[in-house]
Amino acid sequence: MSKNVADKLGKGISPAQFVDGMNKNKEQFVEWMEKFSWPSEDDREYFESLNNRDDLRCLILMAEWCGDVARNVPVVFKALEDSGIPTEVLIIEEHMETMDQYLTMGGRAIPIVIFADTGGAVLGQWGPRSKFVQEPMIAFKTANPDREASDYQDNLAVTRQEILRRYGDGTGYHADIVKELRILLESF
């Protein structure tokens, strides 16, 4: 059975309400938003062309305390702002039943960007990170299935360092997010 989020449409908060209400990571979040620039004029034009479609909706499962949210969602917000796609934020703690329908390798990982039609039928999803940044976590989870293993936390710490290295110091990873969102949106 395909997923449907009709019961969640209209239940979230706007991107502006999310940012205004942030108590954690707000400075970093806003800084990443301000640093956003389109990887190419073609990408900007593509996202702007979505203003001609009124059949898409976006829900983003997230929370202000998450570092991946602070890095990735500003890019998603900026891209979707130009697309005209109605976008709502679902705070994970208030929507756990929805979060549990969008697990990543069996675990809760955010952000999860969900695209649906106006009837709530889920068309696709993105997250919690670009494929390049997510690769070390996939490798870690595959190699470390036992959360109780003595070296699990040490291996996780090494994995998190590699994820930060892949994010880098600048905005290079923004282009990967834009590319992946575009490919996803072009598929429906």
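Below you will find a few notes about this structure. Note that this is a predicted model, so its numbers are computed, not measured. (Residues numbered from 1 in each chain as written. Predicted model: local features only at pLDDT ≥ 70, side-chain atom pairs only at ≥ 80, totals over all residues. Heavy atoms only, no water.)

## Re the environment of K141
The line we're drawing: By the criteria applied, helices consist of DSSP H or I runs no shorter than four residues and strands consist of E runs no shorter than two, each listed in order from the N terminus. Throughout, exposure labels follow a simple rule: accessible area from a 1.4 Å probe, protein chains only, divided by the maximum for the residue type, with under 20% read as buried, over 50% as exposed, and the rest as partly exposed.
Mapped onto the elements of the fold, K141 is located in helix α6 (residues 131-143). Residue class for K141 comes out partly exposed when judged on its relative accessible area of 25%. Separated by 14 residues in sequence, K141 and N155 place their C-alpha atoms 9.9 Å apart.

## As for the pattern of salt bridges
Short version of the rule: Salt bridge, as used here, is a side-chain nitrogen of Lys or Arg placed within 4 Å of a carboxyl oxygen of Asp or Glu.
In this structure the tally under the stated criterion is 14 salt bridges. Across the salt bridge formed by E41 and R44, the nearest N and O atoms sit 1.9 Å from each other. With E41 and R44 both in helix α3 (residues 41-49) and three residues apart, the pair spans about one turn of that helix. Using a relative accessible area of 41% as the deciding quantity, one classes E41 as partly exposed. Ionic pairing is found between E186 and R182, a salt bridge with its closest N-O pair at 2.8 Å. Placement of the pair is E186 and R182 together in helix α8 (residues 172-186), with a separation of four residues, close to one helical turn. Taking the relative accessible area as the measure of exposure, E186 reaches 44% and is therefore partly exposed. Owing to a relative accessible area of 15%, R182 belongs among the buried residues under this scheme. One connected set of salt bridges, linked through shared partners, spans D42, D43, R182 and E186.

From the geometry alone we can't say anything about function, so treat these as descriptive.
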